[in-house]
Amino acid sequence: MGFPRAAVNRALDRLGDHPFYRGRLPREVADADDFAASVRLTTRADFVAEMAKPGYGGFGGARPVRVNLTPMGASLVPVFQTAGDLERMIAAARTHLAACGIGEDDVCAVTFGYHLFVAGLFYQSQMEAHGVACIPLGPGEAERAAELCNRHGVTVLAGNPSFSLSLVEAGLAPPRVFFAGGEAFTGNEALHARVRAAMPDTVLVDSFSLSEFLPVARTFPGGAGVHVFDELVHAEVVDPETLAPVPDGERGELVLTHLVKQAQPLLRYRTGDLTVRRITAPLHGRTVSLPRVVFGRTDGMVKVKGVKIYPSEIRAVLLGIEGLTGKYRLTVDSERGRDRLALALEGSAGDDALEAVARRFRSQTLIGADRIEVAESLEDGPLAVDRRGSA
């Protein structure tokens, strides 16, 4: 359940002679396990190295009509969309706009950036294709932007949640629908609550995309988290250490596959993002959910008390807790042969805040911290220190 066998096999058949994949793909697979066993994972390093070759290597010759750039390592890497890619992306996005009740009577303001990157033009294109008047504001100048939105009857807003709060503070009439992106939203309880308070009657939409995968998933009315646009993308979750798929509901690394993309098609692409996948009852035709969107990166994993801890996921634990700067360090040692885990936090926090951290930490990692301490400042250094085995 949740494996689009026919769509995956069409992609494998189509890409069998693609210059980047030639000679290393099966023509078809039987199920998700077969797909994972017979199609190797693709890394961001693979993608960047291919794009660095003359003529973009195996990804050249796609005849893109849109070229955005995205930072990857020390360089800006081109991301291509053909006319067909744009058509399919916009068609998928329009199903979401319709689900949100957005139509030709709406006016949308886009405050995402337009310079080089993907979000601004993407939202503008889908709105225009859906018959929605679109104002390409871009970021900045909150007072002027709020005045323009009010003057022109903006009912739909797409942008960064923090900047959107600035717009409301500058006098923006809350929109009917708000598309959030660019920072953790539903995963940041405090920020989400602030936006909800500022826009009490607004439909709030969280979204998740990568420059290489646009769009991946959005909040659909009546759902939780974000649901994957499974007509465009197949989503898996794998153990970052063994690279084997994990059961639904277990956290691991998000792996994505383009099902229909013409330019730069990526199969089993490791995103490095931590998430949980669940199969749900159909919601506006979608059944694959990321209930907590993404909440960390896979870098620097340590195993404590038999559980894999990814240090960057602790950022999600601390989001919105007053008095803490967000800086932290995990320290693991052993006592009488048993793992002991300490969490050091920077800032100042009372007992209620520390209890909230402890509760969230256990919910996130499934184990408890043996000690949580707060200091006015923490020295720079690694997010996790493993002292087991040291003298």
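In this text the structure is predicted, and so the values were computed from the model without any measurement.

Description of the nonpolar core
Phase 1 of the analysis: L12, F47, F213 and L256 are the most contacted members of the largest nonpolar core, which has 41 residues in total.
Phase 2 of the analysis: Top element by residues in this core is helix 1 (residues 5–15). It accounts for 4 residues.
Phase 3 of the analysis: Non-local contacts of L12, meaning those with residues more than four positions away in its chain, are made with L25, P26, R27, E28, V29, F35, V39 and L267.
Phase 4 of the analysis: The next biggest cluster of nonpolar side chains, apart from the first, holds 21 residues, and it includes C100, I102, M127 and V132.

Thoughts on the side chain of E212
Phase 1 of the analysis: Within the secondary structure, E212 is located in the loop between strand 8 (207–210) and strand 9 (213–218).
Phase 2 of the analysis: There is a polar contact of 2.5 Å between the side chain of E212 and the side chain of Y269.
Phase 3 of the analysis: When neighbours within four sequence positions are excluded, E212 is seen to be in contact with R44, F47, M72, V79, H258, K261, L266 and Y269.

Some details on the environment of G252
Phase 1 of the analysis: For G252, the location among the structural elements is in strand 12 (residues 252–258).
Phase 2 of the analysis: For G252, a relative accessible area of 0% gives the class buried.
Phase 3 of the analysis: Placed 143 residues apart in sequence, G252 and A109 show a C-alpha to C-alpha distance of 36 Å.
Phase 4 of the analysis: When neighbours within four sequence positions are excluded, G252 is seen to be in contact with V237, V238, P240, D273, L274 and T275.

Examining helix 5 (residues 119–129)
Phase 1 of the analysis: Buried residues of helix 5: G120, F122, Y123, Q124, S125, Q126 and M127, and no others.
Phase 2 of the analysis: Two residues or fewer after helix 5 comes G131, characterised by a positive phi angle close to 85°.

Considerations on the side chain of D273
Phase 1 of the analysis: Take D273: it is sitting in strand 13 (residues 269–275).
Phase 2 of the analysis: Among the residues examined, D273 registers a relative accessible area of 9% and is labelled buried.
Phase 3 of the analysis: A distance of 3.0 Å separates a polar atom in the side chain of D273 from a polar atom in the side chain of R297.
Phase 4 of the analysis: Setting aside its immediate chain neighbours within four residues, D273 contacts F208, L210, G252, E253, L254, V294, G296 and R297.

Let's talk about unusual backbone geometry
Phase 1 of the analysis: Cis geometry is adopted by the peptide bond preceding P215, which originates at L214 and carries an omega value of -10°.
Phase 2 of the analysis: Inspection of the secondary structure puts P215 in strand 9.
Phase 3 of the analysis: Here R63, not a glycine, exhibits a phi torsion of approximately 55°, which is positive.
Phase 4 of the analysis: The topology assignment puts R63 in the loop between helix 3 (44–51) and strand 1 (66–72).
Phase 5 of the analysis: Exposure remark for R63: the relative accessible area of 72% places this residue in the exposed category.
Phase 6 of the analysis: A positive phi angle is found at R268, which is not glycine, with a value near 50°.
Phase 7 of the analysis: On the secondary structure map, R268 appears in the loop between strand 12 and strand 13.

Rules used throughout
- Residues numbered from 1 in each chain as written.
- Predicted model: local features only at pLDDT ≥ 70, side-chain atom pairs only at ≥ 80, totals over all residues.
- Heavy atoms only, no water.
- Core = buried A, V, L, I, M, F, W, Y, C linked by side-chain atoms within 4.5 Å.
- Buried < 20%, exposed > 50% of the residue type's maximum accessible area, 1.4 Å probe, protein only.
- Helix = DSSP H or I, 4+ residues; strand = E, 2+ residues; numbered from the N terminus.
- Contact = heavy atoms within 4.5 Å.
- Polar contact = N/O pair within 3.5 Å; in protein donor to acceptor, adjacent residues only side chain to side chain.

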